[in-house]
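# Coordinate inspection notes
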Amino acid sequence: MSLLRLELVRQHLRDHGALPCHEERILRAWTRALPLDSGPVPPEDFFPARVRAALPGLAAELAGLARVRSEHMGADGSARLLVELGDGQTVESVLLPRDGVCVSTQVGCAVGCTFCMTGRDGLLRQLGSAEIVAQVVLARARRPVKKVAFMGMGEPAHNLDNVLDAIELLGTAANIAHKNLVFSTVGDRRVFERLPLGLVRPALALSLHSTRAELRAQLLPKAQRIDPAELVELGEQYARATGYPIQYQWTLLAGINDNDAELDGIVRLLKGKYAVMNFIPYNEVEGPAFRRPSWERAAAMSLHLYRHGILAKLRQSAGQDIDGGCGQLRARSIAQAA
Ligand SMILES: C[S@@+](CC[C@H](N)C(=O)[O-])C[C@H]1O[C@@H](n2cnc3c(N)ncnc32)[C@H](O)[C@@H]1O
Ligand code: SF4
């Protein structure tokens, strides 16, 4: 039995005679990291005997979806988890300061951004919706979780059905505010078609990195070709439809996308838009010879945008001191095993 997707978990329960109300109570308990039979009414008065008998086996199955192989505390209160999936593959989750968790959606990634460790080996496999939720359950077993960012390993747009199923459960049974579910993507037309239709509409983070289409295509070689101006326009429509701003992400690479021409481009694209710019200084990973700009330059860039009426934040990735670049922990563990 392998319950990688939420639909399979629900089907398994139905096969044991569960009704929708039983399913909901069990999924609610699971997503809160509680025993599966917990709830206000005693289990023997609520569940049919067959369902109750199936719960220990189901609990073991769900626990096997994602286990913590190692945990690394950061000085900023974050913790990076190397998570082992049922088939032995590993992904990273990050417990963020202030009740957040960052989860992975794929093992590897096909976009191949030149500065990202995760994209180095291409896509190895998709995560099922239950494996994505299981990372939140692992986090909730350790700390309160009120925010989930789909910003770990993988491109959520390339695993849309599983990510959207996970989002729906997290925004309902798991009781996470919809604006606190953050879908982070390089941009893909399917995202703008599907996200507005969901029962739970997450906040959107768009990884922009350049306002110049040619440079963006070099940095994000396999991202869908959407002109940055059009991407911002699509983002703006979604922001207006949902009422939450688009969080633009910009990995700062010295000498590449930290110049005044890019700043002018950002002002041109984002002025008057319902948007926040997050500058994230590059985290060094082995391989490409990128550098992060000085903190002073990054702060000056944020100030420049602020003076032009664009809200800009300068962020350190969580857990700088613990292989902060996404995918580094996994890469290190594989290298050590080898
Ligand atoms: C790992 S990606 C996952 C979500 C999605 N694939 C995306 O690109 O938005 C999340 C963010 O991490 C950033 N990132 C990746 N590698 C980085 C590095 N070495 N230093 C700083 N940020 C990095 C990406 O630019 C992206 O904005
Ligand atoms: S930054 Fe995002 S899209 Fe690019 S390779 Fe890494 S995970 Fe994939």
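Residues numbered from 1 in each chain as written. Chains lettered and ligands numbered in written order. Predicted model: local features only at pLDDT ≥ 70, side-chain atom pairs only at ≥ 80, totals over all residues. Heavy atoms only, no water.

### Structural notes on the overall build of the protein chain
What counts is decided by this rule: Numbered from the N terminus, helices here are DSSP runs of H or I no shorter than four residues, and strands are runs of E no shorter than two. In this setup the radius of gyration rests on C-alpha atoms only. A globule is expected at 2.2 Å times the number of residues raised to 0.38. To sort residues, take the accessible area from a 1.4 Å probe on protein chains only and compare it with the maximum for the residue type: under 20% means buried, over 50% means exposed, and anything in between is partly exposed. Should any heavy atoms of two residues lie within 4.5 Å, those residues are counted as being in contact. Residue burial considers only the protein chains on display, and all accessible areas are found by Shrake-Rupley using a 1.4 Å probe. For the charge count, each Lys or Arg is scored as positive and each Asp or Glu as negative, with His and the chain ends excluded. Note that the charge is assigned to NZ on lysines, CZ on arginines, CG on aspartates and CD on glutamates.
When you go through the protein chain residue by residue, the secondary structure sums to 12 helices and 12 strands. Here the protein chain has a C-alpha radius of gyration of 21 Å; the compact-globule value for 338 residues is 20 Å, and the two agree. Principal-axis analysis of the C-alpha atoms places the extent of the protein chain at approximately 70 × 50 × 30 Å. Relative to its 338 residues, the protein chain shows a buried fraction of 53%. For the protein chain, the share of sequence-separated contacts (at least 6 apart) that also reach a separation of at least 24 residues comes to 66%. In the form shown here, the protein chain has an accessible surface area of approximately 14,500 Å², with 53% of it arising from carbon and sulfur atoms. Taking the average place of the 40 positive charges on the side chains of the protein chain and the average place of its 36 negative ones, the gap between the two points comes to 3 Å.

### Structural notes on the packing of aromatic side chains
In plain terms, the rule: Any pair of Phe, Tyr and Trp rings, taking the six-membered ring for Trp, is counted once the centres come within 6.5 Å. Such a pair is stacked with planes under 30 degrees apart, edge-to-face with planes over 60 apart, and tilted for the rest. Criterion for a charge above a ring: Lys NZ or Arg CZ within 6 Å of the ring centre, and within 35 degrees of the ring normal.
Using the criterion set out here, one finds 3 aromatic pairs in the structure. On the basis of an interplanar angle of 90° and a centroid distance of 5.0 Å, the ring pair of Phe46 and Phe47 is categorised as edge-to-face. You can call Phe46 partly exposed: its relative accessible area is 26%. Look at Phe47 and you get buried, because its relative accessible area is 4%. Here Arg25 stacks its cationic end above the ring of Phe46, 4.4 Å away from the centre of that ring.

### What about the site of ligand 2?
The criterion, for reference: The rule for a residue being near a molecule or strand is that one of its heavy atoms must lie within 4 Å of it. Each residue gets one label: Ala, Val, Leu, Ile, Met, Phe, Trp, Tyr, Cys and Pro are nonpolar, Asp, Glu, Lys and Arg are charged, and the others, such as Gly, are polar.
Lining the immediate surroundings of ligand 2 are Cys109, Val111, Gly112, Cys113, Cys116, Gly119, Gly154, Glu155 and Val186. When its residues are assigned to classes, the shell around ligand 2 shows 5 nonpolar, 3 polar and 1 charged.

### Concerning the environment of Val111
Relative to the assigned elements, Val111 resides in the loop between strand 5 (106-108) and strand 6 (123-126). Assessed through its relative accessible area of 1%, Val111 is described here as buried. With 111 residues separating them along the chain, Val111 and Lys222 place their C-alpha atoms 4.4 Å apart. With near-sequence residues (within four places) excluded, Val111 lies in contact with Glu155, His158, Val186, Leu220, Pro221, Lys222 and Ala223.

### Here's the deal with unusual backbone geometry
The general pattern is negative phi for most residues beyond glycine and trans for most peptide bonds. A positive phi is found at Asp99, a non-glycine position, where the angle reads about 65°. Tracing the sequence through the fold places Asp99 in the loop between strand 3 (90-96) and strand 4 (100-102).

### Notes on the site of ligand 1
Rules: Under the rule applied, a polar contact is a pair of N or O atoms within 3.5 Å (in protein, one hydrogen donor and one hydrogen acceptor; residues adjacent in sequence only if both atoms are side-chain atoms).
Taken together, the neighbourhood of ligand 1 is formed by 18 residues, with Ser184, Ser207, His209, Thr251 and Asn283 sitting nearest. In this structure, a nitrogen atom belonging to ligand 1 sits 3.0 Å away from a main-chain N or O atom of Gly154. Take His209: an N or O atom from its side chain is 3.0 Å from an oxygen atom of ligand 1. Within the complex, the protein chains bury 92% of what would otherwise be the 550 Å² of accessible surface of ligand 1. Looking at side-chain class alone, the shell around ligand 1 contains 8 nonpolar, 9 polar and 1 charged residues.

### Observations regarding the sheet that holds strand 11 (residues 275-281)
The condition is simple: For two strands to be treated as a pair, DSSP must find at least two bridges joining them. Inter-axis angles, ranging from 0 to 180 degrees, are taken between N-to-C directions of lines fitted to C-alpha atoms, where helices are fitted over the stretch in contact.
Pairing is mixed in the open sheet, where 10 strands are placed in the order 1-2-3-4-7-8-9-10-11-12. Looking at which strands have only one partner, the edges of the open sheet turn out to be strand 1 (66-73) and strand 12 (311-314). When strand polarity is set aside, the average angle formed by the axes of neighbouring strands in this sheet is 20°. In this sheet, strand 12 lies alongside strand 11 in parallel orientation, the contact comprising 4 bridges. Across the sheet, the residue bridging to Asn278 is Lys313, located in strand 12. Sitting on the sheet, helix 6 (residues 160-171) touches strand 7 (147-150) and strand 8 (181-185), and the angle it makes with strand 8 is about 165°. Contacting strand 10 (246-252) and strand 11, helix 10 (residues 260-270) crosses the sheet at an angle of about 155° to strand 11.

### Considering the nonpolar core
What counts, and what does not: Each nonpolar core is a collection of buried residues, namely Ala, Val, Leu, Ile, Met, Phe, Trp, Tyr and Cys, held together in the definition by side-chain atoms within 4.5 Å. For the purposes of this description, domain bounds are those given by an automatic or database domain assignment.
Among the nonpolar cores identified, the biggest contains 81 residues, and Trp30 and Val148 are the most heavily contacted of them. Each of two domains, domain 1 (6-62) and domain 2 (66-322), supplies a minimum of three residues to this core. Excluding residues that lie within four positions of it along the chain, Val148 makes contacts with Val101, Val103, Val136, Leu170, Ile176, Asn180, Leu181 and Val182. One finds Val111, Leu220, Val285 and Phe290 within the second-largest nonpolar core, a separate group that totals 14 residues.

### Details of helix 10
Of all the residues in helix 10, the buried ones are Glu262, Leu263, Gly265, Ile266, Val267, Leu269 and Leu270. Contact partners of the buried residues in helix 10: helix 8 (213-219), helix 9 (228-242), strand 10, strand 11 and helix 11 (295-307). Gly272 lies just past helix 10 and shows a positive phi near 80°.

### So, the side chain of Thr185
Counting through the fold element by element, Thr185 comes out in strand 8. Residue Thr185 is classed as buried on the basis of its relative accessible area of 1%. At 2.6 Å, the side chain of Thr185 forms a polar contact with the side chain of Glu155. The residues touching Thr185, leaving out its near neighbours within four places in the chain, are Glu155, Ala157, Val191, Leu204, Ala205, Leu206 and Ser207.

### Considerations on the domain arrangement of the protein chain
For clarity, the threshold we go by: Accessible area that two parts lose when put together, with a 1.4 Å probe and added across both, is what the buried area reports.
Partitioning the protein chain into structural domains gives domain 1 (6-62) and domain 2 (66-322). Computed from C-alpha atoms alone, the centre-to-centre distance between domain 1 and domain 2 is 33 Å. Taken together, the contact between domain 1 and domain 2 spans 10 residues of the former and 14 residues of the latter. Counting each side, the surface lost to burial between domain 1 and domain 2 is near 1,000 Å², with a carbon and sulfur contribution of 66%.

### So, a positive patch on the surface
Using the following cut-off: Patch construction takes residues with relative accessible area above 30% that form no salt bridge. Like charges are linked within 9 Å, and nonpolar side chains (Val, Leu, Ile, Met, Phe, Trp, Tyr) are linked within 5 Å. For this document, the term salt bridge refers to a Lys or Arg side-chain nitrogen within 4 Å of an Asp or Glu carboxyl oxygen.
On the surface, Arg98, Lys147, Lys179, Lys313 and Arg315 cluster together into a positively charged patch. Relative to the assigned elements, Lys179 resides in the loop between helix 6 and strand 8.

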